Amino acid sequence: MTSNDRGTRLAGQVALVVGGGRGIGAAVVETLARNGARVVAADTDRLPSAYNHYRSTAVTGYAEARELAVRLAAEGMAVTAAEVDATDEDAVRRLYQGVADGPGRLDTVVNAFGVTHVSPVERMELAEFRHVVSGNLDGVFLSSREALPLLRASGGGSIVNFSSVSGRSGFAKVAHYCAAKFGVVGFTAALAQEVAKENIRVNAVCPGMVRTGMWDYLLSEFVRPGETEDECWERMRAMVPQREFQTPEDIADLVLYLAAAPRVTGQAISVDGGMTAP
Ligand SMILES: NC(=O)c1ccc[n+]([C@@H]2O[C@H](COP(=O)([O-])OP(=O)(O)OC[C@H]3O[C@@H](n4cnc5c(N)ncnc54)[C@H](O)[C@@H]3O)[C@@H](O)[C@H]2O)c1
């Protein structure tokens, strides 16, 4: 199936993608919608601190989610945008109330948001550590918790949490991000055990290197004197056994599989070209 084809694999289903305004999350929204799901793309224009890869509290995720929804709706897909800061408990509750009041059922939740920042541990402020950990982990907890009653009422469903290659291996200067992404894997496995008997599946995806806004920032931090950011990106290729970077669509294809895989739960699955092969 090419990216413009339409499928019916998720016909009649409702999916919520938190962090669905841009980057990998936006590709997930499009893939689920093209496969027949009604999709809510939730994102934010304001983050709780500037300890993130935008170096700012002002971001454009919700604005981009609205644009994405308009573009896909113009092609006949059922996509709407919603505003949420996934670290804000009340906002997450309101988001799920909106799903209950609107589509009225829920089959798949994708927690695709995340933030990173670069600092060696010795120079890392406690505030930075806390914001990067909570920016990746609090929302996974809050969104999963609020999803459970709706998924249960729909007869079960799938939660897909975003971890990372940094949730399988440690990388220098992103210890907070690694701690959080390893945490996502642990949270996912534990919740999967809690709800397995209710036909609610909980899995994590671990992308390798995908050139989104996150890597625009990382390249600006990792670039060496005399090197361009494109040259720095090419240098990163040596870390990937396949010598190929991943695309947002590569990751979205795994999310689509997990949305509809009835007997896969508690797993963390990598799409990283072999970077973390055991
Ligand atoms: N790009 C990569 O190479 C890579 C690799 C491994 C893992 N990941 C993970 O994949 C996920 C998506 O990353 P991306 O590369 O697409 O980044 P991105 O910055 O392009 O997209 C992230 C989206 O999440 C939203 N977001 C961030 N914090 C939020 C919050 N508190 N509430 C609501 N929305 C929030 C942002 O507004 C943005 O739209 C993240 O969890 C990231 O850690 C990315």
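Residues numbered from 1 in each chain as written. Predicted model: local features only at pLDDT ≥ 70, side-chain atom pairs only at ≥ 80, totals over all residues. Heavy atoms only, no water.

A. Summary view of the overall build of the protein. Looking only at helices and strands, the protein has eight helices and seven strands in total. The C-alpha atoms of the protein give 18 Å as radius of gyration, which agrees with the globular expectation for 278 residues (19 Å, within 12%). Overall size of the protein, expressed as C-alpha extent along the three principal axes, is 55 × 40 × 40 Å. Within the protein, the fraction of its 278 residues that count as buried is 52%. Taking contacts inside the protein between residues at least 6 apart in sequence as the whole, the part at least 24 apart equals 71%. (Helix = DSSP H or I, 4+ residues; strand = E, 2+ residues; numbered from the N terminus. Rg over C-alpha atoms; globule rule 2.2 N^0.38 Å. Buried < 20%, exposed > 50% of the residue type's maximum accessible area, 1.4 Å probe, protein only. Contact = heavy atoms within 4.5 Å.)

B. Broad picture of the site of the ligand. The environment of the ligand is made up of 30 residues, and the closest members are Asp43, His53, Tyr54, Tyr177 and Thr212. A distance of 2.6 Å is found between an oxygen atom of the ligand and a side-chain nitrogen or oxygen belonging to Asp43. Separating a nitrogen atom of the ligand from a backbone N or O atom of Ala86 is a distance of 2.8 Å. Notes on the ligand: free accessible area 820 Å², of which the protein chains cover 99%. Elements that contribute at least two residues to the shell around the ligand include exactly α1 (23–34), α5 (175–195) and α6 (213–222). Top element by residues in the shell around the ligand is α6. It accounts for three residues. Split by residue class, the shell around the ligand holds 14 nonpolar, twelve polar and four charged. (Near = heavy atom within 4 Å. Polar contact = N/O pair within 3.5 Å; in protein donor to acceptor, adjacent residues only side chain to side chain. Areas by Shrake-Rupley, 256 points an atom, 1.4 Å probe, with all protein chains shown as cover. Nonpolar A, V, L, I, M, F, W, Y, C, P; charged D, E, K, R; others polar.)

C. Broad picture of the environment of Val165. As for its position among the elements, Val165 is in the loop between β5 (157–162) and α5. Taking the relative accessible area as the measure of exposure, Val165 reaches 5% and is therefore buried. For the pair Val165 and Asp272, spaced 107 residues apart in sequence, the C-alpha to C-alpha distance is 7.0 Å.

D. Looking closely at the pattern of salt bridges. Under the definition given, this model contains 15 salt bridges. Notably, a salt bridge pairs Arg22 with Glu64, separated by 3.2 Å at the nearest N-O pair. Linking Arg22 in the loop between β1 (14–18) and α1 with Glu64 in helix α2 (residues 61–74), this pair joins segments that are 42 residues apart in sequence. Among the residues examined, Glu64 registers a relative accessible area of 25% and is labelled partly exposed. Residues Glu227 and Arg235 are paired through a salt bridge, measuring 2.8 Å at the closest nitrogen-oxygen approach. Taking the relative accessible area as the measure of exposure, Arg235 reaches 27% and is therefore partly exposed. Linked through salt bridges whose partners overlap, the residues forming this network are Glu89, Asp90, Arg93, Arg145 and Glu146. (Salt bridge = Lys/Arg side-chain N within 4 Å of Asp/Glu carboxyl O.)

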